[in-house]
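Overview (structure and organization)
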Amino acid sequence: QVQLVESGGGSVQAGGSLRLSCAASGSGFRLDYMAWYRRPPGKERELVAGLTSGGTTNYAASVKGRFTISRASARNSVALEMNSLKSEDTAVYYCNVRGLTTDGIRPVDYWGQGTQVTVSS
């Protein structure tokens, strides 16, 4: 079982910065991929950024150059540094982790509860 705890959302003016963090706790799993998704008001959930266990990153075109995903200091933790925020970045942001159980048999796919990011212009 994996528990995800997200933190760091809030309200900021356009041009400002926020840092989101997500920590996965529990046992019996190995994470291969950690990502941030977001759901803007009235829209579908979309990928923001992802990070593989090997260090490969991928970003949505709309955030490339402004957002950075990285491993946080704690084990099985990931951070999303968001700079030059725009009003269109307003959304509920969700942490997603994927991998396998340590016996390599069953997939692991968990979502955080979501954290609100509001950017005012």
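Notes on the structure in this doc start here. Everything numeric in this text was worked out from a predicted model, so none of it was measured. (Residues numbered from 1 in each chain as written. Predicted model: local features only at pLDDT ≥ 70, side-chain atom pairs only at ≥ 80, totals over all residues. Heavy atoms only, no water.)

Read across the open sheet, the 4 strands follow the order β1-β3-β8-β7; overall the sheet is antiparallel. For this open sheet the edge positions go to β1 (2-7) and β7 (67-71), each flanked by a neighbour on one side alone. Direction aside, the axes of adjacent strands within the sheet are offset by 15° on average. Sheet topology places strand β3 (residues 18-26) next to strand β8 (residues 77-82); 6 bridges connect them, and they run antiparallel. Residue pairing across strands places A23 opposite S77, the latter belonging to β8. (Pairing = 2+ DSSP bridges. Helix = DSSP H or I, 4+ residues; strand = E, 2+ residues; numbered from the N terminus. Axes fitted to C-alpha atoms, helices over the stretch in contact; angles between N-to-C directions.)

Throughout the structure, instances matching the rule amount to 5 salt bridges. E81 is the salt-bridge partner of R19, the closest N and O atoms lying 3.1 Å from each other. In this pair, R19 sits in strand β3 while E81 sits in strand β8, placing the two residues 62 residues apart along the sequence. Here E81 falls in the partly exposed class, since its relative accessible area comes to 25%. One salt bridge in this structure joins R38 and D89, with 3.0 Å as the shortest N-O distance. You can see R38 sitting in strand β4 (residues 29-39) and its partner D89 sitting in the loop between β8 and β9 (91-101), a full 51 residues away along the chain. Both residues of the pair, R38 and D89, count as buried. Because the salt bridges share partners, they merge into one network encompassing R38, E46, R66 and D89. (Salt bridge = Lys/Arg side-chain N within 4 Å of Asp/Glu carboxyl O. Buried < 20%, exposed > 50% of the residue type's maximum accessible area, 1.4 Å probe, protein only.)

By secondary structure assignment, the location of T115 is in strand β11 (residues 115-120). Apart from residues lying up to four places away in sequence, T115 is in contact with E6, G9, L20, A91, V92 and Y93. (Contact = heavy atoms within 4.5 Å.)

For the structure shown, the criterion picks out 1 aromatic pair. It is R45 that lies over the ring of W111; its NZ or CZ is 3.8 Å from the centre. (Phe/Tyr/Trp six-rings, centres within 6.5 Å; stacked < 30°, edge-to-face > 60°. Lys NZ or Arg CZ within 6 Å of the ring centre and 35° of its normal.)

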